[in-house]
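What follows is the residue order along each chain.
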Amino acid sequence: MEKIVFEKSDIRDFVKNTIAEKIEKLKNFIEFTLEASRDIKKIPKYDSMREEMQEEIYQMQRQLGALNDLKRNMGKVLNTATDRIQIGSLVITNKARFYISVSLGEFFFEGDRFYAISPESPMAKKMMGMKAGDEFTLNKIHQKIVEVL
């Protein structure tokens, strides 16, 4: 992977905005589903349909709670540059780019693939405290840390 300059604050903002957008979409979908469940009263056999919709709303509310946790946890993510990997580090290896923040998974930023991973993930735990030039192996995949931002 060639060395490319990334602004960690831009990536941090992107992750925060992605979480905020997901929260907003889910809130809208919950509201839509609630409204639809109110309209179902007008048709026969509405009890079972309403029950299914209530279960769907419950599942979406759980997802919303998880997204709100991600948003809250992003507030704890540091945005300072360090030479050793810690929470908030942007880690470029010879295989991938990791943003140690929250468990958002794969995302694309300006055409590049990144992985937002939780500090509790096995990958982050393996890399914590390492610096550029260090190497590690996880799940039989060997990686070299190229840069820490």
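Before any of the text, the structure's been laid out above.
Residues numbered from 1 in each chain as written. Predicted model: local features only at pLDDT ≥ 70, side-chain atom pairs only at ≥ 80, totals over all residues. Heavy atoms only, no water.

Quick notes on the overall build of the protein chain
Helix and strand content of the protein chain: 3 helices and 6 strands. When the helices and strands of the protein chain are placed in sequence order, the string is α-α-β-β-β-β-α-β-β. Expected size for 149 residues packed as a compact globule is a radius of gyration near 15 Å; at 20 Å, the protein chain overshoots this value by more than 25%. With the C-alpha coordinates of the protein chain rotated into their principal frame, the extents come out at 65 × 30 × 25 Å. Expressed as a percentage of its 149 residues, the buried residues of the protein chain come to 38%. Sequence separation of at least 24 residues holds for 56% of the intrachain contacts in the protein chain that already meet a minimum separation of 6. As displayed, the protein chain has an accessible area near 9400 Å², and 51% of this comes from carbon and sulfur atoms. Counting 25 positive and 23 negative side-chain charges, the protein chain places the centres of these two groups 4 Å from one another. (Helix = DSSP H or I, 4+ residues; strand = E, 2+ residues; numbered from the N terminus. Rg over C-alpha atoms; globule rule 2.2 N^0.38 Å. Buried < 20%, exposed > 50% of the residue type's maximum accessible area, 1.4 Å probe, protein only. Contact = heavy atoms within 4.5 Å. Areas by Shrake-Rupley, 256 points an atom, 1.4 Å probe, with all protein chains shown as cover. Lys, Arg positive; Asp, Glu negative; His and termini not counted. Charge placed at Lys NZ, Arg CZ, Asp CG, Glu CD.)

A look at the side chain of T93
Tracing the backbone shows T93 in strand 1 (residues 90-93). Given a relative accessible area of 0%, T93 falls into the buried group. Only 3.0 Å separates the side chain of T93 from the backbone nitrogen of K95, close enough to count as a polar contact. At 2.6 Å, the side chain of T93 forms a polar contact with the side chain of Q143. (Polar contact = N/O pair within 3.5 Å; in protein donor to acceptor, adjacent residues only side chain to side chain.)

So, the sheet that holds strand 5 (residues 135-138)
As summarised here, the arrangement of the 6 strands in space is 3-4-2-1-6-5, forming an open sheet in which the pairing is mixed. Edge strands, defined here as strands with exactly one partner in the open sheet, are strand 3 (105-109) and strand 5. On average, adjacent strands in this sheet sit at an angle of 35 degrees to one another, irrespective of strand direction. (Pairing = 2+ DSSP bridges. Axes fitted to C-alpha atoms, helices over the stretch in contact; angles between N-to-C directions.)

Comments concerning a negative patch on the surface
Taken together, D47, E51, E52, E55 and E56 make up a surface patch of like negative charges. Following the sequence through the fold, E55 ends up in helix 2 (residues 46-74). Using a relative accessible area of 42% as the deciding quantity, one classes E55 as partly exposed. (Patch = residues over 30% accessible without salt bridge, like charges linked within 9 Å, V, L, I, M, F, W, Y side chains within 5 Å. Salt bridge = Lys/Arg side-chain N within 4 Å of Asp/Glu carboxyl O.)

Considerations on the environment of D10
Locating D10 in the fold gives a position in helix 1 (residues 8-39). Along the backbone, D10 and F109 are 99 residues apart, and their C-alpha atoms lie at a distance of 9.1 Å.

Concerning the pairing of strand 3
Two elements, strand 3 and strand 4 (residues 112-117), share 5 bridges in a ladder whose sense is antiparallel. Note that in strand 4 the partner of F108 across the bridge is R113. Once strand 3 ends, the chain turns through 2 residues before running back antiparallel as strand 4, passing E110 with a positive phi of about 50 degrees.

Section: unusual backbone geometry
Unlike most non-glycine residues, E110 shows phi in positive territory, near 50 degrees. Topologically, E110 is positioned in the loop between strand 3 and strand 4. We classify E110 as exposed; its relative accessible area is 67%.

Re the environment of T137
By secondary structure assignment, the location of T137 is in strand 5. With a relative accessible area of 39%, T137 lands in the partly exposed category. On a C-alpha basis, the gap between T137 and T33 in space is 46 Å, while along the polypeptide they are 104 residues apart. Look past the residues within four positions of T137 in its chain and what remains in contact with it is K126 and H142.

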